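Topology and contacts: notes
As a plain string of letters, each chain reads:
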Amino acid sequence: MNADIPVDRAGSDWLTSALAEVARDPDSITRAFAFAARRVGRAPRRPDADPSGVVHGTLDDAARAALVVALADAVGTGPDCADRLASLYRQGDAAERRGVLRGLDVLAERDSLGGDDATALVSAGLDLAADALRANDPSLVAAAVGPFGARYLDQHTWRHAVLKLVFQGVSLEAASGLAARADDELDRMARDFAAERRAAGREVPTDLDRLTARPSTTRE
């Protein structure tokens with residue numbers, strides 16, 4: 001996974017060592033999470049397209065996501081992993097919380113959460129995503145609507161999360177699976193939001209066009 005994280009040699013060596021340590025001693029993830037930013041840096045993963053690192057994450061986000069995957073590989077995706085990730089999230093700062101959410105994204109993309117043994121982990125992940133969506137930090141909101149959120153958030157929560165991105169000025173590129181999940185109700189909400197902005201003499205975000213110029217569909 002290091003090859004996907006554009007860090008320098010020292011950062012790559014540290015991450016390789018930290019991942020191996022988590023495989024041997026899952027408890028070591030707590031220390032690795034705390035040290036990730038100073039070891040690999042906080043630069044955006046895709047500086048040209050996302051200079052703030054909000055949409056696609058930062059290097060330390062990616063490193064922590066890799067550590068989450070290593071933890072799941074070490075202890076499985078059952079209740080133990082759920083408890084450990086919930087603890088990392090609750091005790092962490094915003095960056096560490098993003099790392100947990102980004103790690104859940106990777107597990108979702110790997111189809112590691114589909115079995116019965118992962119039920120507790122999915123449930124915990126939904127609780128953490130809901131907490132992130134209540135935050136005013138755009139980077140946390142963006143991290144909550146990645147592949148995990150696209151797959152597991154209920155439609156009502158997902159719609160409001162997408163509109164919160166627009167309200168916060170975050171590109172809808174952050175919302176994984178947007179085309180597949182957008183529906184008529186989100187279209188209506190987006191149009192109402194645009195009308196409110198116009199009535200207040202405020203600029204309407206261009207991203208709203210992605211929610212209103214689409215085929216008619218309705219989901220529960």
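Thresholds applied
- Residues numbered from 1 in each chain as written.
- Predicted model: local features only at pLDDT ≥ 70, side-chain atom pairs only at ≥ 80, totals over all residues.
- Heavy atoms only, no water.
- Helix = DSSP H or I, 4+ residues; strand = E, 2+ residues; numbered from the N terminus.
- Rg over C-alpha atoms; globule rule 2.2 N^0.38 Å.
- Areas by Shrake-Rupley, 256 points an atom, 1.4 Å probe, with all protein chains shown as cover.
- Lys, Arg positive; Asp, Glu negative; His and termini not counted.
- Charge placed at Lys NZ, Arg CZ, Asp CG, Glu CD.
- pLDDT = per-residue confidence, 0-100.
- Expected span 1.5 Å × (residues − 1).
- Buried < 20%, exposed > 50% of the residue type's maximum accessible area, 1.4 Å probe, protein only.
- Polar contact = N/O pair within 3.5 Å; in protein donor to acceptor, adjacent residues only side chain to side chain.
- Axes fitted to C-alpha atoms, helices over the stretch in contact; angles between N-to-C directions.
- Parallel < 35°, antiparallel > 145°, perpendicular 65-115°, else oblique.
- Left-handed = near helix turned anticlockwise from the far one by under 90°.
- Contact = heavy atoms within 4.5 Å.
- Nonpolar A, V, L, I, M, F, W, Y, C, P; charged D, E, K, R; others polar.
- Core = buried A, V, L, I, M, F, W, Y, C linked by side-chain atoms within 4.5 Å.
- 1 Å grid on protein atoms, 1.4 Å probe; cavity = no way out; pocket = protein on both sides within 12 Å on 5 of 7 lines; lining within 4 Å.
- Points joined across faces, edges and corners; volume = space filled by probe spheres on them.

Some points on the overall build of the chain
Within the chain one finds 12 helices and zero strands. Counting from the amino terminus, the chain carries its helices and strands in the arrangement α-α-α-α-α-α-α-α-α-α-α-α. Relative to the globule expectation of 17 Å for 220 residues, the C-alpha radius of gyration of the chain, 18 Å, shows essentially globular dimensions. For the chain, the exposed surface amounts to about 10400 Å²; the carbon and sulfur share of it is 48%. Charge separation in the chain, taken as the distance between the mean sites of 28 positive and 35 negative side-chain charges, equals 3 Å.

Digging into the confidence of the model for the chain
The pLDDT averaged across the chain works out to 93; a share of 95% of its residues lies at or above 70. Ranking the elements of the chain by mean pLDDT puts helix 12 (residues 209-212) last, at 86, and helix 5 (residues 94-109) first, at 98.

Structural notes on helix 5
For helix 5, built from 16 residues, the straight-helix expectation of 22 Å at 1.5 Å per residue is met to within 8% by its first-to-last C-alpha distance of 23 Å. For helix 5, the tally of buried residues reaches 13 of 16 residues, placing the bulk of the element in the interior. Capping the start of helix 5 is the job of one residue whose side-chain oxygen sits 3.2 Å from the backbone nitrogen of Ala95: Asp93. Just beyond helix 5, the residue with positive phi is Asp111, at close to 55 degrees.

A word on the packing of helix 4 (residues 79-91) against helix 6 (residues 119-133)
At a closest axis distance of 8 Å, the pairing of helix 4 and helix 6 adopts a crossing angle of 15 degrees. As the angle between them shows, helix 4 and helix 6 are arranged roughly parallel. In this structure, the crossing between helix 4 and helix 6 has a hand that is right-handed. Side by side, helix 4 and helix 6 meet where Pro79, Cys81, Ala82, Leu85, Ala86, Tyr89 and Arg90 of the first sit next to Ala120, Leu121, Ala124, Asp127, Leu128, Asp131 and Ala132 of the second. Taken together, the residues that form the contact of helix 4 with helix 6 break down as 11 nonpolar, no polar and three charged.

Thoughts on the nonpolar core
In this structure, Trp14, Leu67, Leu85, Leu165 and Leu211 are the most contacted members of the largest nonpolar core, which totals 74 residues. Per element, the largest residue contribution to this core is 11 residues, and it comes from helix 3 (residues 59-75).

Observations concerning the side chain of Ser139
You can see Ser139 is positioned in helix 7 (residues 138-144). Take Ser139: its relative accessible area is 9%, and that puts it in the buried class. Here Arg98 takes part through its side chain, which lies 3.3 Å from a polar atom of the side chain of Ser139. Side chain to side chain, Ser139 and Asp137 meet in a polar contact 2.7 Å long.

Looking at empty space enclosed by the protein
Following the criterion strictly, the structure yields one cavity of 30 Å³ or more and no others. Together, Leu101, Leu104, Asp105, Ala129, Ala143, Ala144, Gly146, Phe148 and Gly149 line the largest cavity. Mapped by element, the contributors of at least two residues to the lining of the largest cavity are helix 5, helix 7 and helix 8 (147-152). The biggest single contributor to the lining of the largest cavity is helix 5, with three residues. Grouping the constituent residues of the lining of the largest cavity by class yields six nonpolar, two polar and one charged.

Brief notes about the environment of Asp8
Along the polypeptide, Asp8 turns up in the segment before helix 1 (9-24). Between the alpha carbons of Asp8 and Asp61 there is a distance of 15 Å; along the sequence they are 53 residues apart. Separated by 2.7 Å, the side chain of Asp8 and the backbone nitrogen of Gly11 make a polar contact.

Describing the layout of surface pockets
Where empty space is left in the structure can be found by rolling a water-sized probe over the atoms. Looking at the largest pocket, its volume works out to about 460 Å³. Along the wall of the largest pocket there are 21 residues; nearest its centre are Arg45, His56, Arg102, Asp105 and Glu109. Looking at the lining of the largest pocket, the elements with two or more residues in it are helix 3 and helix 5. Looking at which element gives the most residues to the lining of the largest pocket, the answer is helix 5, with four residues. In the lining of the largest pocket, the residues fall into nine nonpolar, four polar and eight charged.

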